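Here are the chains, one letter per residue:
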Amino acid sequence: MSHHLLLIFHLLGAAIWVGGHLVLCLGILPEVLKKKDPEILLSFERKYEKIGLPALLVMVVSGVWMAYQFGFGVSEWFHFSNPVETVVSLKLLLLFITVIFALSANFLVLPKLSAEKLPLMAFHIVSVTLLGVAMLVLGSFVRYGGINFN
Ligand code: HEM
């Protein structure tokens with residue numbers, strides 16, 4: 001698949017993932033915490049997860065594929081020896097942390113969500129949103145040659 005088409009899929013995924021989490025974090029969460037009403041959050045989650053999780057999957061597949069097209073396969077990851085590989089490795093680390101938060105939210109917090117657990121759920125939502133924004137910012141460095149730690 002052409003790099004340009006992969007980038008278009010990647011940006012569509014980013015729009016849904018980062019955009020959706022910013023709406024949740026800034027638009028819905030304040031009302032949920034003020035009214036202490038978990039149902040507002042659950043009804044958003046039910047609608048959003050149908051496109052949110054596929055969007056994350058599209059970004060992972062298109063991102064790894066683009067990384068390979070740049071010449072950085074799995075054996076080059078986490079060396080931080082090349083500016084573009086450094087961006088790819090940092091994004092994979094942030095993706096790993098995002099998956100841990102997503103699993104914790106879906107299996108430990110959401111199933112028994114109550115007014116008492118809303119601050120803990122808020123911590124998950126704010127963390128995943130900040131991780132998504134960080135991956136967006138990191139991705140924008142590639143067109144400028146990546147990040148040089150050396
Ligand atoms: C929440 C997850 C992610 C978000 C929001 C995200 C967002 C972005 C954005 C906005 C760009 C900049 C595109 C441009 O300059 O036009 C980008 C580029 C890139 N991303 Fe991601 N990304 C994510 C996950 C990943 C993952 C897991 C990888 C896998 C290694 C990855 C690999 C790349 C690569 C290689 C580029 C450079 C594409 C290019 O400039 O040709 N991304 N990403």
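About the criteria used
Residues numbered from 1 in each chain as written. Predicted model: local features only at pLDDT ≥ 70, side-chain atom pairs only at ≥ 80, totals over all residues. Heavy atoms only, no water. Helix = DSSP H or I, 4+ residues; strand = E, 2+ residues; numbered from the N terminus. Buried < 20%, exposed > 50% of the residue type's maximum accessible area, 1.4 Å probe, protein only. Contact = heavy atoms within 4.5 Å. Lys, Arg positive; Asp, Glu negative; His and termini not counted. Charge placed at Lys NZ, Arg CZ, Asp CG, Glu CD. Salt bridge = Lys/Arg side-chain N within 4 Å of Asp/Glu carboxyl O. Polar contact = N/O pair within 3.5 Å; in protein donor to acceptor, adjacent residues only side chain to side chain.

## Points about the overall build of the protein
Of regular secondary structure, the protein possesses four helices and zero strands. Across the protein, helices and strands are ordered from the amino to the carboxyl terminus as α-α-α-α. Taking the principal axes of its C-alpha atoms as reference, the protein extends roughly 50 × 30 × 25 Å. Taking all 150 residues of the protein together, 41% fall into the buried category. Restricting to contacts in the protein with at least 6 residues of sequence separation, those with at least 24 account for 69%. Taking the 10 positively charged and 8 negatively charged side chains of the protein as two groups, their mean positions are separated by 5 Å.

## Notes on the pattern of salt bridges
Scanning the model with the defined rule gives two salt bridges in all. Residues lysine 35 and glutamate 31 are paired through a salt bridge, measuring 2.9 Å at the closest nitrogen-oxygen approach. Of the two residues, lysine 35 and glutamate 31 are both situated in helix α1 (residues 3-35); the distance of four residues between them amounts to about one turn of the helix. Its salt-bridge partner being arginine 46, residue glutamate 39 comes within 2.5 Å of it at the nearest N-O pair. Given a relative accessible area of 44%, arginine 46 falls into the partly exposed group.

## Digging into the environment of tyrosine 68
Here tyrosine 68 lies in helix α2 (residues 38-69). Among the residues examined, tyrosine 68 registers a relative accessible area of 45% and is labelled partly exposed. Residues in contact with tyrosine 68, not counting those within four places in the same chain, are Gly73, Val74 and Trp77. In this structure the side chain of tyrosine 68 is engaged in a polar contact, spanning 3.1 Å, whose partner is the backbone nitrogen of valine 74.

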